[in-house]
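Secondary and tertiary structure notes
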Amino acid sequence: MRVMPLSPRLSLLLFSCFLILTFLLDPTTSSSSSSTSQPPPTFDYLKLPLLHPNHHFPPTPSEVLLSDTHRLNSLHHHRHLHRKNSTSTAHLPLTSGASLGAGQYFVSLSLGTPPQPLLLVADTGSDLIWVTCSACRNCSSRPPNSAFLARHSTTFSPSHCYDSVCQLVPHPDRVPCNHTRRHSTCRYEYSYSDGSLSSGFFSRETTTFNTSSGEVVKFRDLAFGCGFRASGPSVTGPSFNGAQGVLGLGLGPISFPSQLGRKFGNKFSYCLMDYTLSPTPTSYLLIGGGGGGPEDGVVGGAKMSYTPLINNSLSPTFYYIGIEAAYVGGAKLRISPSVWAIDDLGNGGTVMDSGTTLTFLVKPAYDKVLQEFMRRVKLPKSDRRNPNFDFCVNVSGVSRLSLPRLRFKLAGGSMFSPPTQNYFIDTAENVKCLALQPVVQPSGFSLIGNVMQQGFMLEFDRERWRLGFTRRGCAVS
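About the criteria used
- Residues numbered from 1 in each chain as written.
- Predicted model: local features only at pLDDT ≥ 70, side-chain atom pairs only at ≥ 80, totals over all residues.
- Heavy atoms only, no water.
- pLDDT = per-residue confidence, 0-100.
- Contact = heavy atoms within 4.5 Å.
- Disulfide = S-S within 2.5 Å.
- Helix = DSSP H or I, 4+ residues; strand = E, 2+ residues; numbered from the N terminus.
- Buried < 20%, exposed > 50% of the residue type's maximum accessible area, 1.4 Å probe, protein only.
- Expected span 1.5 Å × (residues − 1).
- Arc of directions from axis to C-beta.
- Pairing = 2+ DSSP bridges.
- Axes fitted to C-alpha atoms, helices over the stretch in contact; angles between N-to-C directions.
- Salt bridge = Lys/Arg side-chain N within 4 Å of Asp/Glu carboxyl O.
- Core = buried A, V, L, I, M, F, W, Y, C linked by side-chain atoms within 4.5 Å.
- Phe/Tyr/Trp six-rings, centres within 6.5 Å; stacked < 30°, edge-to-face > 60°.
- Lys NZ or Arg CZ within 6 Å of the ring centre and 35° of its normal.

This part covers the confidence of the model for the protein chain. The share of residues in the protein chain with pLDDT of 70 or more is 69%, and the mean pLDDT across the chain is 76. When the criterion is pLDDT under 50, residues 51–57 qualifies, and its contacts beyond four places in sequence or with other chains add up to 15 contacts.

This is the structure we're talking about:
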C-alpha cells in the first residue's frame with residue numbers, strides 16, 4: 001500500500017494511535033522463583049510505558065477513515081452475530097478490529113517457561129487473547145520471537161474440549177468434542193468480518209510481569225488461543241504490522257483484565273499523549289491501581305471525574321458510557337436524549353474505544369454538531385476539497401486560532417471537554433478539518449476514538465463499574 005507524505009503535524013497526530021507497549025524491566029528472571037511456598041508478593045499495579053515508534057509511516061486520512069470504517073462495520077457485524085446466538089450458553093467474544101490498521105497499541109507479553117516475549121495488538125473492543133503458535137521441534141529456522149514455540153515451554157497446557165472455559169470461545173463445526181477421549185483438545189476458530197481467520201488450540205500458559213514495586217509475578221493459568229493457522233489480510237497482511245496476536249482488553253470473561261481480576265484491582269488505565277509536543281512526553285498503560293495515585297480517584301493531585309459504565313447485554317464486551325447532552329461553544333445542542341440512548345434491542349449508545357482513530361456520532365447528533373460548527377466558525381472554507389471530511393477551513397494568516405469548544409455532558413453529571421486539537425486536525429498545509437464522522441446505520445452506535453481521548457488519563461474501573469478521566473496525570477513521566 002503506497003503512503004503519501006503528510007504535513008508533520010498530521011503525521012504525528014494521526015499516528016499517535018500507533019504506539020508500542022514494552023515492559024519497564026526484563027521479565028526473563030524471577031526474584032521469587034525460589035520461594036514458591038511463601039505468600040505471593042503484594043503490589044499495586046503494572047506500569048508499562050507507551051512509546052512512539054518513529055520507524056513507521058503514518059496512514060493518510062483516507063487510509064485512516066477506511067480502516068476505521070472497516071473496524072466499525074466489524075463491531076456492528078459481531079454485535080448482531082451475538083444477538084442471533086444470545087440464547088446459547090456460550091458467550092462469544094467480539095471480533096477484534098485493531099488488526100485492521102487503525103489505532104493499534106502494541107504490548108510485549110512474556111508467555112511460557114522460560115518466558116518468550118511476543119508483540120500483541122492490545123484491543124479494548126475484543127476479549128480473546130491469541131498468539132501465533134508453532135509446533136516446531138527444531139526451531140532454529142524461525143526468526144526470533146516470530147511465534148510462540150509451544151514445545152519449548154514446560155508450562156504449556158492445551159485445554160480439554162469439555163473444560164468449562166472451552167465454552168467461552170467459538171469452535172469449528174467440523175471438529176466435534178469427544179468427551180470420552182482423554183486428550184480431546186479445545187479447538188477454537190475466530191473469524192473476522194473480512195474473512196480472515198485465526199484457529200488452533202485454546203490453552204493455558206504462564207505469563208511473567210514486573211510490577212510497580214519491582215517484584216516479578218507469575219500468572220500461571222492465562223487462557224489464550226494458540227493459533228496454528230492464520231489467513232486473510234487482517235491477521236497476515238501489512239496492517240498487522242508484525243504483531244504475533246491480539247490482547248483482548250474487553251469486559252468479557254476471557255479478556256486480559258478479566259482473567260487478572262482482583263489481583264490487580266480489576267481496573268486498568270491509560271493516557272494517549274499529543275505527540276506533536278516537543279520533547280515527546282512519556283505516557284503509560286497501567287494494569288491495576290490508578291495513574292500514580294491511590295485508589296480514591298486522585299491522580300497527580302487532581303481529582304478524577306467519573307461516569308458510569310453502562311451494561312449492554314447484547315454487546316457485553318464494549319465499554320459503553322452515557323451521553324446526556326452535547327455543547328458547541330457553550331451552546332447546548334437540540335438533540336433528543338433518545339439519540340444517545342441504548343434501546344430495548346441493544347442498538348445505539350456510545351462506546352469508548354482505543355482501537356478506532358476518529359470519533360463517530362450517530363447521524364442525528366452528527367448533523368447538529370456539524371451545523372453548529374459551520375455556523376460559528378467564520379474562517380473561509382478551504383478550496384482544497386477533502387472528500388473524507390464535511391467541514392474544512394483555511395487557517396493561513398491566522399496568528400491566534402480560536403475554535404469553538406466541543407463538550408459532552410455525561411451520565412452522572414461529569415463533563416468531557418477535549419481540547420480543539422482533538423477534533424480539528426491538519427489535513428494539509430493551512431487546512432484544518434472537523435475530524436468527526438457520521439454513523440448512518442439506524443442500529444449503529446456512537447464511538448469516541450483515540451484522537452478524541454488524547455491528553456486524558458482514562459481509568460476503566462471494572463470493580464466499581466465506572467470510567468474515570470482527568471486532564472492531569474497524563475503527562476507524568
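Moving on from the model shown.
All right, on to the state of the cysteines then. This structure, assessed with the given rule, holds four disulfides. The partner cysteine of C161 in its disulfide is C177, sulfur to sulfur 2.0 Å. Disulfide C161 to C177: torsion about the S-S bond roughly 70°, handedness right-handed. Of the two residues, C161 is situated in the loop between β7 (157–158) and β8 (187–191) and C177 in the loop between β7 and β8; the sequence distance between them amounts to 16 residues. On the basis of relative accessibility, which here comes to 32%, the residue C177 falls in the partly exposed class. Across a sulfur-sulfur distance of 1.9 Å, C392 and C433 are joined as a disulfide pair. Judged by the torsion about the S-S bond (105°), the C392/C433 disulfide is right-handed. You can see C392 sitting in strand β22 (residues 392–394) and its partner C433 sitting in strand β26 (residues 431–434), a full 41 residues away along the chain. The two residues C392 and C433 agree in class, both being buried.

Let us look at helix α6 (residues 363–376). When the terminal C-alpha atoms of α6 are compared, their 20 Å separation across 14 residues agrees well with the 20 Å that a helix rising 1.5 Å per residue should span. Taken as a whole, α6 has its buried residues at A365, Y366, V369, L370, E372 and F373. For α6, the angular spread of buried residues about the axis comes to 165°, placing them on one side.

A few words now on the pairing of strand β29 (residues 457–461). For β29, a buried count of five out of five residues is recorded, marking the element as mostly surrounded by other parts of the structure. Taking every second residue as pointing to the same face, both faces of β29 are buried, with M457, E459 and D461 on one and L458 and F460 on the other. Pairing geometry for strand β12 (residues 267–271) and β29, over five bridges, is antiparallel. Paired with K267 across the bridge in β29 is D461.

Judged by pairing direction, the sheet is antiparallel, and its three strands sit side by side in the order β22-β26-β25 without closing on themselves. Taken across any chain shown, the strands that pair with only one partner, and hence form the sheet edges, are β22 and β25 (424–428). The average undirected angle you get between the axes of adjacent strands in this sheet is 35°. Two elements, β25 and β26, share four bridges in a ladder whose sense is antiparallel. Opposite I425, over in β26, you have C433 as the bridge partner.

Moving on, we get to the pattern of salt bridges. A complete count under the given rule lists seven salt bridges for this structure. When the shortest N-O distance is used, the salt bridge between R375 and E372 registers 2.7 Å. Taken together, the positions of R375 and E372, both in helix α6 and three residues apart, correspond to about one turn of that helix. The class of E372 is buried, set by a relative accessible area of 12%.

If you look at the biggest cluster of nonpolar residues, it comprises 81 residues, and the most contacted ones within it are F148, F256, F373, L406, F408 and L436. With five residues, α6 is the single largest residue contributor to this core. Sequence-distant contacts of L436, defined by excluding residues within four places in its chain, comprise T359, L361, Y366, V369, L406, Y423 and M452. Formed by 18 residues, the second largest nonpolar core is a distinct cluster that contains W130, L168, C186 and V235.

A separate point is the packing of aromatic side chains. The description of an aromatic ring pair rests on the distance of the ring centres and on the angle between the ring planes. In total, this model carries 21 aromatic pairs according to the counting rule given. Ring centres of F456 and F469 lie 6.4 Å apart, and the angle between their planes is 70°; on these two criteria the pair is classed as edge-to-face. Taken together, the residues F456 in the loop between β28 (446–448) and β29 and F469 in strand β30 (residues 466–470) connect sequence positions 13 residues apart. Note on accessibility: F456 and F469 belong to one class, buried. Every member of this aromatic cluster is reached through a ring pair, and the members are F268, Y270, Y319 and F460. Between the NZ or CZ atom of R407 and the centre of the ring of Y327, over which it lies, the distance is 5.1 Å. One residue, R471, lies across the ring of F456, its end atom 5.2 Å from the ring centre.

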